[in-house]
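Survey of secondary and tertiary structure
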Amino acid sequence: MGLRLRTLTLLAAAAAAGCGGHTKVSVRPVTVDGVRAFVVASPGRHAAGVVMVHGAGGDRSELLPRARLLARRGIVVLLPTQPSTASPPPRPTSVHELLVETQGVQNADVRSAERAGRFLAARYGVTRLGYLGWSAGAKTGAILAARDPRFRALALLSAGAQAVSAFVAAAPPASRGEVRRFLTSVDPITAIAHGRPGTILLEDGRRDEIVPRAALENVVRAAPPQTTVRWYDAGHALDDRAWSDAFDWLGARLR
C-alpha cells in the first residue's frame, strides 16, 4: 500500500510538472507608452499574446481574474488602463467640442491597444497576436479590426452601437453634417465591416441589461463574412461559459 501511495504521488508530481507552466501565472505591472497595464503570464516563452481591454470606466484590474484563466492556457495577456479612463477629457460645452473629444478619446484607445500589441511582440516575442474586448473594449476592437492586420483574432464581447444616422437625426440641423463626419470616423459599425473575414468572434447576451438588443444586432449585421456569432442566455457581463468559449476560440486561432 505504501509503494502504491508513493507511486501515485510521483505520478501526480510528474503531471503537475508537465502542466505547471500553464497553471501558475504571474501578474506584473508595466507602463506602455505612458499607459499603465498588467502583464499576466505563465513561465516560459510565449508565441501567442492577447491584448484584453475593459469596459467604460474600468481599468487594468477589471478583467484581471479572466486574464489569469486565459494565461493558464499559455497565452501572455496584457491589460491596459485605457486613456478614456486614465485621462478623461473635460466636459464639453458645445456640440463641436463633444465631437472632437469623442473622436479623440476613441482614437487614443485604439492607439493604446496597438501599442500594447507592439509591446507584447518586442518584450515577449509574441508572433501570434489576438485581442479580447468587453463592452466599450469590444467597440474599440471593432475599429482595431479594420486598422491593424497584426491582430489575427479578435473576440468582441457585448459589442453594441447605435447607427450614426440616429445621432445625426437627433442633432441640431446646423450640426448634422459635422456629426456625421466625426462619428463615422470612429463608428464601430462602419469599421467592423472592413475587418478581415474569419478573424472576428462576437458574443452577446440575450438578457443584456445595458446595451439594447438592436445595438448588438447592428454590429452583428455589419460584421464581415465568416464572423463567428454566439448568443448566450446571459446579461451584459456574460457568463463563465461565454468567456471560456471565447478563450477556446482565441486559443484555436493563435495556435
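Summary of the structure given here. (Residues numbered from 1 in each chain as written. Predicted model: local features only at pLDDT ≥ 70, side-chain atom pairs only at ≥ 80, totals over all residues. Heavy atoms only, no water.)

**Focus on the overall build of the protein**
- Counting its secondary structure elements, the protein contains ten helices and eight strands.
- Dimensions of the protein, computed from the C-alpha atoms along their principal axes, are close to 85 × 40 × 30 Å.
- Nonlocal contacts in the protein, meaning residues at least 24 apart in sequence, comprise 73% of its contacts between residues at least 6 apart.
- Accessible surface, the protein as shown: approximately 12400 Å² in total, 56% of it carbon and sulfur.
- Between the mean site of the 33 positive side-chain charges and the mean site of the 20 negative ones, the protein shows a separation of 9 Å. (Helix = DSSP H or I, 4+ residues; strand = E, 2+ residues; numbered from the N terminus. Contact = heavy atoms within 4.5 Å. Areas by Shrake-Rupley, 256 points an atom, 1.4 Å probe, with all protein chains shown as cover. Lys, Arg positive; Asp, Glu negative; His and termini not counted. Charge placed at Lys NZ, Arg CZ, Asp CG, Glu CD.)

**Some details on empty space enclosed by the protein**
- With the rule as written, the count across this model stands at one cavity of 30 Å³ or more.
- Lining the largest cavity, in full, are Val32, Val35, Leu78, Pro80, Ser112, Arg115 and Ala116.
- Elements with a contribution of two residues or more to the lining of the largest cavity: strand S4 (76-80) and helix H4 (95-124).
- Here the lining of the largest cavity takes three residues from H4, the largest share from any one element. (1 Å grid on protein atoms, 1.4 Å probe; cavity = no way out; pocket = protein on both sides within 12 Å on 5 of 7 lines; lining within 4 Å. Points joined across faces, edges and corners; volume = space filled by probe spheres on them.)

**What to know about the packing of aromatic side chains**
- On inspection of all chains with the given rule, the structure shows three aromatic pairs.
- Summarising the aromatic geometry, the rings of Phe119 and Tyr124 are spaced 6.3 Å apart at their centres and angled 55° between planes, so their arrangement reads as tilted.
- Given a relative accessible area of 9%, Phe119 falls into the buried group.
- With a centroid separation of 6.3 Å and 65° between ring planes, the pair formed by Trp243 and Phe247 is classed as edge-to-face. Of this pair, Trp243 and Phe247 both sit in helix H10 (residues 240-253), four residues apart, roughly one helical turn. (Phe/Tyr/Trp six-rings, centres within 6.5 Å; stacked < 30°, edge-to-face > 60°. Buried < 20%, exposed > 50% of the residue type's maximum accessible area, 1.4 Å probe, protein only.)

**Let's talk about the nonpolar core**
- Val51, Leu78, Tyr131, Leu156 and Ile192 are the most contacted members of the largest nonpolar core, which has 36 residues in total.
- Not counting residues up to four positions away in its chain, the partners in contact with Val51 are Leu78, Pro80, Ala113, Ala116, Gly117, Leu120, Leu129, Gly130, Tyr131, Leu132 and Phe151.
- Listed in part, the 29 residues of the second largest apolar core include Val50, Leu157, Leu201 and Ala242. (Core = buried A, V, L, I, M, F, W, Y, C linked by side-chain atoms within 4.5 Å.)

**Digging into the layout of surface pockets**
- In this structure, the largest pocket occupies an estimated 680 Å³ of space.
- Surrounding the largest pocket, 31 residues form its lining, Thr102, Gln106, Ala136, Lys139 and Pro188 being those nearest its centre.
- Residues belonging to the lining of the largest pocket are distributed by class as follows: 13 nonpolar, 15 polar and three charged. (Nonpolar A, V, L, I, M, F, W, Y, C, P; charged D, E, K, R; others polar.)

**Quick word on the packing of helix H2 (residues 64-71) against H10**
- Interaxial distance between H2 and H10 falls to 10 Å at its minimum, and their mutual angle equals 45°. It follows that H2 is oblique to H10 by the angle criterion. Once H2 is placed against H10, the crossing between them reads as right-handed. Here Arg66, Leu69 and Leu70 of H2 lie close against H10, whose contacting residues are Asp240, Trp243 and Phe247.
- The residue makeup of the contact of H2 with H10, split by class, is four nonpolar, no polar and two charged. (Axes fitted to C-alpha atoms, helices over the stretch in contact; angles between N-to-C directions. Parallel < 35°, antiparallel > 145°, perpendicular 65-115°, else oblique. Left-handed = near helix turned anticlockwise from the far one by under 90°.)

**A look at the pairing of strand S3 (residues 48-53)**
- Most of S3 sits out of view: six of its six residues are buried.
- What you see with S3 is no split at all: Ala48, Val50 and Met52 on one side and Gly49, Val51 and Val53 on the other are buried throughout.
- With six bridges connecting them, S3 and strand S5 (residues 128-134) associate as parallel partners. By the bridge assignment, Val50 is partnered in S5 with Gly130.
- Relative to S4, S3 runs parallel, the two sharing three bridges. Residue Val50 lies in a different strand from S4, and its bridge partner there is Val77. (Pairing = 2+ DSSP bridges.)

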